[in-house]
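Below are the chains, spelled out letter by letter.
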Amino acid sequence: MAKYYEVLNMLIPNGGYVQVGDTYEGISFVDCEPITKADYEAGFDKYDAWKLQQDAAKSANKAAILERLGITEDEAKLLLG
Amino acid sequence: MATTTPNFGWAVPTSTDLVKDGAVAIETLGDSIDASLVDLKGGTTGQVLAKATNTDMDFTWVAQDDSNAIQNAIVDAKGDIIAATANDTPARLAVGTNNQVLTADSTTATGLKWATPAAGGGGKLLQVVNATYSTATTVTSTSFTDSGLTASITPTSATSKILVMIQQPYYLYNLIDQTAAGYQIVRGSTNIVTTYNENNYVYVGSGANAAQLRLSPTIITLDSPASTSSLTYKIQWKLKSTANSGTIILQSDSDVASIILMEIGA
């Protein structure tokens, strides 16, 4: 089950809001486009799939970079270490 | 053959003297007594006899309230006390008001004055106010935002200082890169502590990875409000940037934050 702040991160990735508590009613949209309560509540069901998609995209991006560089992930860690 | 009395040396006849000499002897004795007691003559009502010198029977009449005695008239009212204005110079010091204390003050005539003591005495803890807050408050704004933690205090003296102590758990994180948060403590609308200068942000994360930080730091500051009105203190937070899903959650997981205000006497 996604946490409320993870859902809001997904729905409003650039922030600009304040939330007191974890309910939709506690959200103040200070410097962002407001979302609806329905969007917020639906976000809990959508989050897991979105997170999987984000992780997959991140992994694919990483693999592409490693391939382009012609090194393995362990070799990349050695370089960064 | 005449003799003398043992204490004053007055000439008196002996028991074997002739009777015919008695009148002369009595006259001589009377004159001696008269001379010895001459200082007892005179005086006025209310005067008392005082020694004039160390010589026997050397007296003088003096006023009962002579300059070497403390006079009744020197005090006028209940609570008056006698203090010296100089060597051998007593003077009246009128009583002060309730709860005042006698204080040395070289600028006054008597070197003393009645003064109201500083409330509670210097450096003493006069009162403590405590408040807690445990509602998670998520801030993703770049403007200072109330975190919900607040407390009010009414100083008993304008010279008092207010020691502000805050313990506030928070969860700072981002999903991609780096984020930073800063806080300020305000009294009413007056900012008394800030950490949002570039070097004072709380940073988390580096590079292309998510990062998170959970802390429950204690923040302490000493304020001099110069007021006896009700004062409200609170802590506000903001993010340096909202990029990368930067987020700070105060009282995360409903952890309890607390603010303690202590009034310290000047």
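Whatever comes next refers back to the structure up there.
Quick summary incoming for the structure in this document. (Residues numbered from 1 in each chain as written. Chains lettered and ligands numbered in written order. Predicted model: local features only at pLDDT ≥ 70, side-chain atom pairs only at ≥ 80, totals over all residues. Heavy atoms only, no water.)

## Notes on the overall build of chain B
Looking only at helices and strands, chain B features 1 helix and 21 strands. Looking at chain B as a whole, 32% of its 266 residues qualify as buried. Considering only contacts within chain B whose residues lie at least 6 apart along the sequence, 65% involve residues at least 24 apart. With an accessible surface of roughly 15,000 Å², chain B has 53% of that area assigned to carbon and sulfur atoms. (Helix = DSSP H or I, 4+ residues; strand = E, 2+ residues; numbered from the N terminus. Buried < 20%, exposed > 50% of the residue type's maximum accessible area, 1.4 Å probe, protein only. Contact = heavy atoms within 4.5 Å. Areas by Shrake-Rupley, 256 points an atom, 1.4 Å probe, with all protein chains shown as cover.)

## Considering the interface of chain A and chain B
The partner chain B presents 20 residues to the 16 residues of chain A that form the contact. Interface area, chain A with chain B, both sides summed: about 1,400 Å², of which 49% is carbon and sulfur. Per-residue buried area on chain A facing chain B is highest for A:Tyr5, A:Asn9 and A:Val18; these three make up 33% of the total on that side. On inspection of chain A and its partner chain B, the count reaches 0 salt bridges. For the side of chain A that touches chain B, the secondary-structure elements that each account for two or more residues are helix 1 (4-11), strand 1 (17-20) and helix 2 (37-69) of chain A. When grouped by side-chain class, the residues that make up the side of chain A that touches chain B number 8 nonpolar, 6 polar and 2 charged. (Buried area = accessible area lost by both parts, 1.4 Å probe. Salt bridge = Lys/Arg side-chain N within 4 Å of Asp/Glu carboxyl O. Nonpolar A, V, L, I, M, F, W, Y, C, P; charged D, E, K, R; others polar.)

## Considerations on the environment of A:Asn9
Tracing the chain through its elements places A:Asn9 in helix 1. Placed 38 residues apart in sequence, A:Asn9 and A:Tyr47 show a C-alpha to C-alpha distance of 9.8 Å. Once residues within four sequence positions are removed from consideration, A:Asn9 is found in contact with A:Tyr17, B:Tyr173, B:Leu175, B:Ser245 and B:Thr247. A polar contact is formed between the side chain of A:Asn9 and the side chain of B:Thr247, at a distance of 3.1 Å. (Polar contact = N/O pair within 3.5 Å; in protein donor to acceptor, adjacent residues only side chain to side chain.)

## Considerations on the sheet that holds strand 18 (residues 218-223) of chain B
All names here are of chain B. Strand order in the open sheet formed by 4 strands is 9-21-12-18, and the pairing between neighbours is antiparallel. Only two strands of the sheet have a single partner each, and these edge strands are strand 9 (125-133) and strand 18. Recorded for the sheet is a direction-independent mean angle of 15° between the axes of neighbouring strands. (Pairing = 2+ DSSP bridges. Axes fitted to C-alpha atoms, helices over the stretch in contact; angles between N-to-C directions.)

## Here's the deal with the nonpolar core
Of all hydrophobic cores here, the largest spans 27 residues; its most connected members are B:Ile248, B:Ile259 and B:Leu261. Mapped onto this core, the elements with two or more residues apiece are strand 9, strand 11 (145-153), strand 12 (161-167), strand 13 (170-174), strand 14 (179-187), strand 19 (231-239), strand 20 (247-250) and strand 21 (257-264) of chain B. With 5 residues, the top contributor of residues to this core is strand 19 of chain B. Sequence-distant contacts of B:Ile248, that is, excluding residues within four places in its chain, are made with B:Thr137, B:Thr138, B:Val139, B:Tyr170, B:Tyr171, B:Leu172, B:Ala181, B:Trp237 and B:Leu239. Counting 19 residues, the second largest nonpolar core, distinct from the first, contains A:Val7, A:Leu8, A:Ile12 and B:Tyr171. (Core = buried A, V, L, I, M, F, W, Y, C linked by side-chain atoms within 4.5 Å.)

## Here's the deal with helix 2 of chain A
Residues and elements named next belong to chain A. For helix 2, spanning 33 residues, the distance from its first C-alpha to its last is 45 Å, which sits close to the expected 48 Å at 1.5 Å a residue. Of all the bends in helix 2, the greatest measures close to 50° and is centred on Lys-46. All of the buried residues along helix 2 are Tyr-40, Gly-43, Phe-44, Tyr-47 and Leu-66. In this fold, the buried residues of helix 2 make contact with helix 1, strand 1, strand 2 (27-29) and helix 3 (73-80). Just beyond helix 2, the residue with positive phi is Gly-70, at close to 75°. (Expected span 1.5 Å × (residues − 1). Bend = angle between axes of the 7 residues up to and from the residue.)

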